[in-house]
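# Examination of the molecular architecture
In case you want the letters, here they are:
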Amino acid sequence: MAAEGGGKEMNEIKTQFTTREGVYKLLTHSEYSRPNRVPFNSQGSNPVKVSFVNVNDQSGNGDRICFNVGRELYFYIYKGVRKAADLSKPIDKRIYKGTQPTCHDFNPLTATAESVSLLVGFSAGQVQLIDPIKKETSKLFNEERLIDKSRVTCVRWVPGSESLFLVAHSSGSMYLYNVEHTCGTTPPHYQLLKQGENYAVHTCKSKSARNPLLRWTVGEGALNEFAFSPDGKFLACASQDGFLRVFGFDAAELHGTMKSYFGGLLCVCWSPDGRYIVAGGEDDLVTVWSFSDCRVIARGHGHKSWVSVVAFDHCTTSVEDGDPPAEFSGSDEDFHEQIHFGAGRDRANSAHSRLSKRNSTDGRPVSVTYRFGSVGQDTQLCLWDLTEDILFPHLPLSRTRTHTNVMSATSPPATGQATTAITTTTTANPSGTNGNSSVSSSSNSGNPANSLPNTLPRSNSLPHSSNPAGGSTPNSHTGTGSNSSTKGSSIIDSAFIATGVSKFATLSLHDSRKERHEKDHKRNHSMGHISSKSSDKLNQLSSSRTAKADAAKTLGTTLCPRMEDVPLLEPLVCKKIAHERLTVLIFLEDCLVTACQEGFVCTWARPGKVGLLSSQNNPANSPSGTVV
């Protein structure tokens, strides 16, 4: 249930919760933090982030964890539900002066028990490549801040590549780097390569190969997070201007867009099969967007403040097609095993084809459940089930679903307001290309054939209007579809690649640590993101004014449907699990991992997995880096 009593119970920190699979339990002995376990004073610091990698250790303890707390960066062996955490001596610990780590990412392709490649982004704009096992620092990118002076908001290795990585900044720009190239001693000069609605891609003009290979300018304000699709072909970007933009990565083609209900979008993730994208942000909602239809299919309301992280649970997503339910399992690395970067690469994905069974049209009953989660600044963890009554509203349900409501239209449109009638016909396509849709609009039309369907899934206890209020004429922002990534030579191929050498220098730049302007948000616990640059404050104020003007234009269109026009999900679980705002949610095979701004990384054992942790393991007796 979304609400669990009131008063004191509402403020109680939960250590377990129950779902249809069973009971998830917090493992207190598996908590990771700074060695002294003292809560971190988070005022003025960047969000705590966590990254995992598996080094294929023969001992069976191959998981490694990295997390940042303030100016500190830690690297441990992650023992999960198997053993108690040993915090006495981390494998590697780094303390930075004048700047703070903001995000990081491991390269799973090059990880071994002897070496890992870890990218770390910083508040002053630099990106560092380190090996925490060898305790080496390979290179520093944007060292003199000639490429971008703003905070790094997200850094990711390009799927299937050992050398290419993408970096987003609070300036709203993204840069594609090659680890083999230098960054040059002068500011880069750019040449326009491709331009579209509210985005542009430039290539770096240089006689010799240098970084960055490409510069993307996306939207207005900060680019808060991006995520690659499971097959690596598409890139979803969540921006402070409230827009989700999805691009074909190689060809830099805009595939589709979505607008938040209000405020900026802070986080984004893909479903395991790449068919759906979930985004969260300052509207306190989670929004589910269909990749093939390029439209919002559901919203979820359970948080009382900004949503900071969304993530799909690949182990609980399931598909039934008349046979016994088959659980979809595997790690994120499974999606990347067969990805080979370059023109003509083969991105076959067995997991994708397994989930594609739900498009069967042979008359057999189809049942689909996607599980995803979210955490927010309200210190709450929410779990959501995205079921077939939402995915296929026009098909008969194969079984009863709960926790799915639709807000009804309680009032007719204002006098003189034009209503929009939308009819959509979708052809499911396993390859992930655009479905066929038809859009028709009319002014004050009462023709039911041209109105939104009256049979939106809803709770039987809720009233339902047969005449939902419409909006203005929808805008088409669907780009060229998924085929855009295969047109001729890719954008990345056009930026030639050569080898180079980079010189490392210590991070010593001092930035003023000014808090970003905190928005006038009336929800509980709203705290905002902290920025290290005063220029971010000006950008956000400007983008806020622009966003308010744009909101009136987009509300009620396919970019941003009204609340009553799409199903409203209720959380399966909604629990307060921390004292400070939550910044991490990661689903692993036998547990889920959360972290809060106090610097505590918590492990929640999945049902039936809690017994794996033996009480006889005393972390105080464990030597550094040794498997107990």
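Here we take up the pairing of strand 8 (residues 118-122). With respect to burial, strand 8 is a largely interior element, five of its five residues being buried. Side chains L118, V120 and F122 of strand 8 all project onto a buried face; the interleaved residues L119 and G121 project onto the opposite face, where all are buried too. The pairing of strand 7 (residues 101-106) with strand 8 spans five bridges and is antiparallel. Bridge pairing links F106 to L118 in strand 8. Bridging between strand 8 and strand 9 (residues 127-131) involves four bridges; their strand directions are antiparallel. Bridge pairing in strand 9 links V120 to Q128.

To continue, consider the sheet that holds strand 10 (residues 136-141). Spatial strand order, 7-8-9-10: four strands in an open sheet with antiparallel pairing. The strands lining the two open edges of the sheet, one partner per strand, are strand 7 and strand 10. Each strand axis lies, on average, 20 degrees off the axis of its neighbour in the sheet, ignoring direction.

Moving on to the environment of L568. Along the chain, L568 turns up in strand 31 (residues 568-569). Distance in space between the C-alpha atoms of L568 and T287 is 9.5 Å, their sequence separation being 281 residues.

Across the six residues that make up strand 12 (residues 164-169), a large majority, six, are buried. Neither face of strand 12 is left uncovered, since the one carrying L164, L166 and A168 and the one carrying F165, V167 and H169 both have all their residues buried. Where strand 11 (residues 152-157) folds back on strand 12, the antiparallel hairpin that results is connected by six residues, among which G160 adopts a positive phi of roughly 85 degrees. Strand direction decides the pairing type here: strand 12 and strand 13 (residues 173-178), joined by five bridges, are antiparallel. Following the sheet pairing, F165 is matched in strand 13 by Y177. What sits between the antiparallel neighbours strand 12 and strand 13 is a turn of three residues, in which G172 has the positive phi angle 95 degrees.

For the structure shown, the criterion picks out 14 salt bridges. Between D385 and R20 there is a salt bridge, with the nearest N and O atoms lying 3.2 Å from each other. In this pair, D385 is assigned in strand 29 (residues 380-387) and R20 in the loop between strand 1 (16-19) and strand 2 (22-26), connecting sequence segments 365 residues apart. Given the relative accessible area of 14%, D385 is considered buried. R20 sits in the partly exposed class, given a relative accessible area of 47%. The partner of R606 in a salt bridge is D313, with the nearest N and O atoms 2.7 Å apart. Remark: D313 occurs in the loop between strand 25 (307-312) and strand 26 (318-320) and R606 occurs in the segment after strand 35 (601-605); sequence separation between them is 293 residues.

On to the packing of aromatic side chains. Evaluation of the coordinates by the stated rule reveals 25 aromatic pairs. Measuring from centroid to centroid gives 5.2 Å for F141 and F165, while their planes differ by 65 degrees, and the two rings are edge-to-face. Of the two residues, F141 sits in strand 10 while F165 sits in strand 12, which places them 24 residues apart along the sequence. A single burial state applies to F141 and to F165, both of which are buried. Between F226 and F228, the aromatic rings sit 6.1 Å apart at their centres with planes inclined by 85 degrees, giving edge-to-face as the arrangement. Overall, F228 belongs to the buried group, its relative accessible area being 13%. Among the aromatic side chains, those forming a connected cluster through ring pairs are Y32, F52, F67, Y74, Y76 and Y78. Its guanidinium or amino end placed over the ring of Y190, R215 lies 4.2 Å from that ring's centre, counting from NZ or CZ. Seen from the ring of F243, K259 lies directly overhead, with NZ or CZ sitting 5.9 Å from the centre.

It is worth spelling out the environment of I577 at this point. Position of I577 relative to the elements: it lies in the loop between strand 32 (573-576) and strand 33 (582-587). Sequence separation between I577 and L26 is 551 residues, and the spatial gap between their C-alpha atoms is 9.5 Å. In contact with I577, not counting residues within four places along its chain, are I13, K14, T379, L381, L582, T594 and W604.

With that settled, consider the sheet that holds strand 18 (residues 234-239). The strand order across the open sheet formed by four strands is 17-18-19-20, and the pairing between neighbours is antiparallel. Unpaired on one side and paired on the other, strand 17 (223-228) and strand 20 (253-259) mark the two borders of the sheet. Ignoring which end each strand starts from, the neighbouring axes of this sheet average 20 degrees apart. Sheet analysis places strand 19 (residues 243-248) next to strand 20, joined by six bridges and oriented antiparallel. Residue pairing for strand 20: F243 is matched across the bridge by K259.

What follows covers the confidence of the model for the protein chain. Averaged over every residue, the pLDDT of the protein chain is 74; the share at 70 or more is 63%. Below a pLDDT of 50 lies the segment residues 1-7, which in the model reaches nine contacts outside its immediate sequence neighbourhood of four places, other chains included.

The next point concerns unusual backbone geometry. For the bond from N211 to P212, the omega torsion is 0 degrees, close enough to zero to count as cis. Structurally, the position occupied by P212 is in the loop between strand 15 (199-205) and strand 16 (214-218). Residue N198 is not a glycine yet carries a positive backbone phi of 60 degrees. With respect to the element layout, N198 can be found in the loop between strand 14 (189-196) and strand 15. Overall, the relative accessible area of 44% leaves N198 in the partly exposed class.

The rules we used
Residues numbered from 1 in each chain as written. Predicted model: local features only at pLDDT ≥ 70, side-chain atom pairs only at ≥ 80, totals over all residues. Heavy atoms only, no water. Buried < 20%, exposed > 50% of the residue type's maximum accessible area, 1.4 Å probe, protein only. Helix = DSSP H or I, 4+ residues; strand = E, 2+ residues; numbered from the N terminus. Pairing = 2+ DSSP bridges. Axes fitted to C-alpha atoms, helices over the stretch in contact; angles between N-to-C directions. Salt bridge = Lys/Arg side-chain N within 4 Å of Asp/Glu carboxyl O. Phe/Tyr/Trp six-rings, centres within 6.5 Å; stacked < 30°, edge-to-face > 60°. Lys NZ or Arg CZ within 6 Å of the ring centre and 35° of its normal. Contact = heavy atoms within 4.5 Å. pLDDT = per-residue confidence, 0-100.

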